[in-house]
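Observations on the model geometry
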Amino acid sequence: MIALALVLLGAVAVTIGVADPEPASVLRHLYLIPTLWAGLARGAIGGGSIGTLAGLLHAPVALPAVEREGLTSQTLDGLLSLGLPMVAGLLVGRLVDGSRARAARLAAVLAIQRRLDGPEPVDDKLQGSADELRRALRARHLALLVGPDARTAQLAGLPAGTVVDPAAAAAFTLATGQRVSSPDLRADPRVGGNEAVGPTPQRGLALPLASGAGVVGVMAVEWSGELPRGARAAADELALHVGLAVENARLTVRQRRFAEELAEKVSTATARLRELDRAKSEFLSVVSHELRTPLTALQGFSELLLRSAVPPDKAHRCLVYLHTEACALGRIVGELLDLSRIEAGRALELRPERVDLEEMIERNVELFAAEHRAHRFRWTSGGPQVALHADRDALDRMVKNLLSNAVKYSPRGGRVLVSAGPASDQPGMIELAVEDDGIGIPAEDLPRIFDKYVRVPHPETAAAPGLGLGLSLVKALAEAHGGRVEVDSMPGKGSRFRVLLPGADRDF
Ligand code: ADP
């Protein structure tokens, strides 16, 4: 480019020399062509140098004329033509430099905007933006701090693990929103941790990144030596754009996260609704089955007693069966009533009285041991003072539920350990524990098993009857007594359920 301008310059000089070597020749204006060309192509340096050269080439024509003729309008015009190309070249060149720098800044803003909108993690986006800004400002260092305060801000452009000194200029700018400008960072007490870089002064700027929501971060820039002209203004302009871009990016991330959370909540709720729906249908079929078993027995034995003359001893046995099955039916209906009360948000009706827990457990253990020969029951009492102020029926239901689960979920038989006594870790509370070495419960299902209709599928107990209601009832009954229920379980090893209830001396 410059070579072409020089050739043009030479051609104009030769043309003037040959065709019209007068100082006021109109041909002298042709010097402006290579000058403007150089200014447009190479900015102020190119335009200024070619303009000066044009002036010098015109001097041998213009100056002798002044000597010869003195200062006439013609020779004055020739003299002015000496300086005109230089001034025009410099002016056009500076305008070109200015618009190029502006275009570069806009390109940097665009690149940063794209980067911040991109799919990378936020840390990478900020790091890329810091690099982009450092290049655009031709700075030695550039760091971005984004966040509400220096301690928690995300950092970019700084070595990993950097901790921002709360007394540093960047922290000050982040806290107050005020810019800090330092002519020599090493001598500035507001700026910590700058290593010495030769004798050249290190100039620094800490600019707030502001958006509609206030100060969202800081851009800290460091230059070696003199501050390039316009760099300060460029840094201000870029900080303004970056503040808005960072806020936009943060809003987008927040919006995306919100949408994801919403989608997750909707899908969890839908899955839960589906599970409830399935559980309710299963519940209906299981309830019918559970009710039908004792009903069939009741029908069968009562028919037998009605239709035929049954000998008294056989009739007595039939009546015992009838009574047992009627009790089973009563228990199921009782549980369903309790649950419908809980479901309707009504309190359970409890009739508290002094209950001998030991006696109640013993009776139930005997009953279960007689019915389930494959299991070995062991019952340990924690002392004579296992007396409770509780609803007898409710307590009996809790014991029966826990025992029946221990049996049901150890389908190959095994030990069932029952214990009751004052809870060693909970003063004033009585604990009732039922432990089995059955199939156990996976950790992720433990928080759900006390919910209604929840059954944990397991191949060994797929055929086991149940409504998924027993534990929710135990929990509701324990809580109605001012207590609670806990579980410890390991899949394949077994489970231990512990009901904690206030002792007889504590009211609920
Ligand atoms: P269900 O009528 O199904 O027994 P529960 O509310 O009593 O209903 O129990 C809920 C679920 O918790 C059961 O389906 C079973 O998956 C699990 N569970 C309860 N007790 C035990 C236990 N002792 N061992 C292993 N799993 C158990």
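One structure accompanies this document, and this report is about it. Please read these numbers as outputs of a predicted model, since none were measured by experiment.

Within the structure, the ligand sits among 18 residues, and N405, Y409, D436, R455 and L471 are positioned closest to it. For the ligand, an oxygen atom lies 2.7 Å from a polar atom in the side chain of Y409. Contacts to the ligand include D436, whose side-chain N or O atom sits 2.9 Å from a nitrogen atom. In isolation the ligand offers 530 Å² of accessible surface; the protein chains occlude 97% of this area. For the shell around the ligand, the secondary structure elements donating two or more residues are α9 (392-408), α10 (470-480) and β12 (494-502). Among the residues making up the shell around the ligand, the classes are represented as 9 nonpolar, 6 polar and 3 charged.

Counting residues in each nonpolar core, the largest one holds 46 residues, and the members touching the most others are L357, L395, M398, L403, V418 and V499. Contributions of two or more residues to this core are made by α6 (231-307), α8 (357-371), β8 (387-391), α9, β9 (414-422), β10 (429-436), α10 and β12. With 8 residues, the top contributor of residues to this core is α9. Among residues more than four places away in sequence, those in contact with L395 are V355, L357, M360, L388, A390 and L501. Counting 29 residues, the second largest nonpolar core, distinct from the first, contains L227, V242, A245 and V246.

Once that is clear, we can look at the sheet that holds β10. Overall, mixed pairing links the 5 strands, which are arranged β7-β9-β10-β12-β11 in an open sheet. A single partner strand is all that each edge strand has here, and the edge strands are β7 (375-381) and β11 (484-490). Sheet twist, expressed as the mean angle between neighbouring strand axes with direction ignored, is 10 degrees. When β7 meets β9, the two strands line up parallel, connected through 7 bridges. By the bridge assignment, R378 is partnered in β9 with L417. Relative to β12, α10 is tilted by about 25 degrees, and along the sheet it contacts β11 and β12.

What counts and how
Residues numbered from 1 in each chain as written. Predicted model: local features only at pLDDT ≥ 70, side-chain atom pairs only at ≥ 80, totals over all residues. Heavy atoms only, no water. Near = heavy atom within 4 Å. Polar contact = N/O pair within 3.5 Å; in protein donor to acceptor, adjacent residues only side chain to side chain. Areas by Shrake-Rupley, 256 points an atom, 1.4 Å probe, with all protein chains shown as cover. Helix = DSSP H or I, 4+ residues; strand = E, 2+ residues; numbered from the N terminus. Nonpolar A, V, L, I, M, F, W, Y, C, P; charged D, E, K, R; others polar. Core = buried A, V, L, I, M, F, W, Y, C linked by side-chain atoms within 4.5 Å. Buried < 20%, exposed > 50% of the residue type's maximum accessible area, 1.4 Å probe, protein only. Contact = heavy atoms within 4.5 Å. Pairing = 2+ DSSP bridges. Axes fitted to C-alpha atoms, helices over the stretch in contact; angles between N-to-C directions.

Honestly, it's all geometry; don't read function into it.
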